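# Fold and contact review
Residues per chain, in single letters:
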Amino acid sequence: MAGARTRSSWQGLFPSILVVALVCLPPHLGVLAKQPSPAIPTDSGEQNGAPTQVAPSRAADAPKLTLPDFSKFTAHKVLKADGLTITISTGSGTETVALMGIEPPKAADPATPQAERFLTNLLVGESVYLVDHEAGRRQDEKKRRAVYVHRAPDGMLVNAELIRQGYAREQAEVPYQYQNAMRAYEGLARAAKKGLWMDPPATKPSKPSEPKPADAKPGDPTKDGKPTEPTPADQDAKPGVPTEMAPISQIDPPVTSDKKSDKSPRTGVTVYASKSGTKYHTASCRYLGKTKDPVTIDEAKKKGLSPCSECKPGV
């Protein structure tokens, strides 16, 4: 009986002893220690004092596409891409097909050459499955077969990938099963400014040309520090500096037996002198300016002019 009473007393004291032991344990070991609360993202993007990144929703970024059972289709090798069409080998020949739900490319679109290169790199040399519209065969405006093109190694729907990368626009002649997904891809490409939707390159404004002084004298520097070209009249008295050749119509006619052809009504051989020059010349002399007066040698000498050492008039 005494042993039974002892066990009973200990059983009564056990809960009290257990509570005391738990309370006396160190805080980091006790089961009653405060547990950290789950982090809750705030509007400022910080969590417990440290910056965090909230993962975007993938539901809108990558619409789910239901792929067909490819075991029912034959894979064909892609030979080339032309625009947004592909040519495949059928075994007995070739066939060019268009991509369903894709608007034909426009020549004015700057991304059209990029789209063709992208399609070429993506498919040429690869095998693809051609899947017709769920309601039967369809054709584009050029009577080519319009299909869903799936890349054989991974089942990628090429039609949707072109739109997702911004290389094509969605277009529906008739409703089709991937229409909503492809429209969502186009919206994402627009928002990201990919391919067709990128901003046009900024053009630099052309710099206006500086006007040149109208009254600049020959040899005087212009605004850009470069000297102007001397005029033929100024070169008249400067042998050794070539000027423009006189027009053919102004060159002396060939000498004939008629002595009157090389003489004016005035006495003496006809020569030519510029208004501002100090020399007289033949009509074909390259140092003769544009302003010239016919005179005889006697008249030229009376005016104090001397013969040109280049053309040697009267010799």
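What follows concerns the overall build of the protein chain. Regarding its fold elements, the protein chain presents seven helices and twelve strands. Looking at the protein chain residue by residue over its 315 residues, the buried ones come to 29%. Across the protein chain, every contact between residues at least 6 apart in sequence was considered, and the portion connecting residues at least 24 apart equals 57%. For the protein chain, the exposed surface amounts to about 21700 Å²; the carbon and sulfur share of it is 56%.

Another point: the pattern of salt bridges. Evaluated as defined, the whole model comprises ten salt bridges. Between R145 and D132 there is a salt bridge; the shortest N-O distance is 2.9 Å. With R145 in strand β8 (residues 145-151) and D132 in the loop between β6 (127-131) and β7 (138-139), this residue pair connects regions lying 13 residues apart in the sequence. Residue R145 is classed as buried on the basis of its relative accessible area of 14%. Residue class for D132 comes out partly exposed when judged on its relative accessible area of 22%. Taken together, the shared-partner salt bridges connect E95, D132, R137 and R145 into one network.

So, about the sheet that holds strand β10 (residues 279-281). Ordered by their spatial adjacency, four strands build an open sheet running β11-β9-β10-β12, and the pairing between neighbours is mixed. Two strands in the sheet have a free side with no partner beyond their single neighbour: β11 (292-296) and β12 (306-307). Where strand β9 (residues 270-274) meets β11, five bridges bridge the pair, whose relative direction is antiparallel. Looking at β11, one finds that Y272 is bridged to P294.

Turning our attention to the pairing of β6. Within β6, four of the five residues are buried, which leaves the element mostly enclosed by the surrounding structure. Sheet topology places strand β3 (residues 75-82) next to β6; three bridges connect them, and they run antiparallel. Within the sheet, the bridge partner assigned to A75 lies in β6 and is Y129. As paired elements, β6 and β8 share four bridges and run antiparallel to each other. Its bridge partner being in β8, L130 is matched across the sheet by V149.

In this section: helix α5 (residues 179-192). The first and last C-alpha atoms of α5 sit 20 Å apart over 14 residues, in line with the 20 Å expected at 1.5 Å per residue. For α5, every residue scored as buried is listed here: Q179, A181, M182, Y185, E186 and A189. Down the axis of α5, the sector holding all buried residues measures 160°, keeping them to one side. Looking at α5, the residues exposed on the side facing more than 90 degrees away from the buried face are N180 and A191. Where α5 ends, the next residue or the one after it, K193, has phi of about 55°, a positive value.

Moving on, we get to helix α3 (residues 112-123). For α3, with twelve residues, the first-to-last C-alpha span of 17 Å sits near the 16 Å given by 1.5 Å per residue. Looking only at α3, the buried set comprises T112, A115, F118, L119, L122 and L123. On an axial view of α3, the arc spanned by its buried residues comes to 115°, and they lie on one face. Structural note: α3 exposes R117 and N121 on the side pointing more than 90 degrees away from its buried face. Of the surrounding secondary structure, the elements contacted by the buried residues of α3 are β3, β4 (85-89), β6, β8 and α4 (158-164). Positive phi appears at G125, one or two residues downstream of α3, with a value of about 90°.

Conventions and cut-offs
Residues numbered from 1 in each chain as written. Predicted model: local features only at pLDDT ≥ 70, side-chain atom pairs only at ≥ 80, totals over all residues. Heavy atoms only, no water. Helix = DSSP H or I, 4+ residues; strand = E, 2+ residues; numbered from the N terminus. Buried < 20%, exposed > 50% of the residue type's maximum accessible area, 1.4 Å probe, protein only. Contact = heavy atoms within 4.5 Å. Areas by Shrake-Rupley, 256 points an atom, 1.4 Å probe, with all protein chains shown as cover. Salt bridge = Lys/Arg side-chain N within 4 Å of Asp/Glu carboxyl O. Pairing = 2+ DSSP bridges. Expected span 1.5 Å × (residues − 1). Arc of directions from axis to C-beta.

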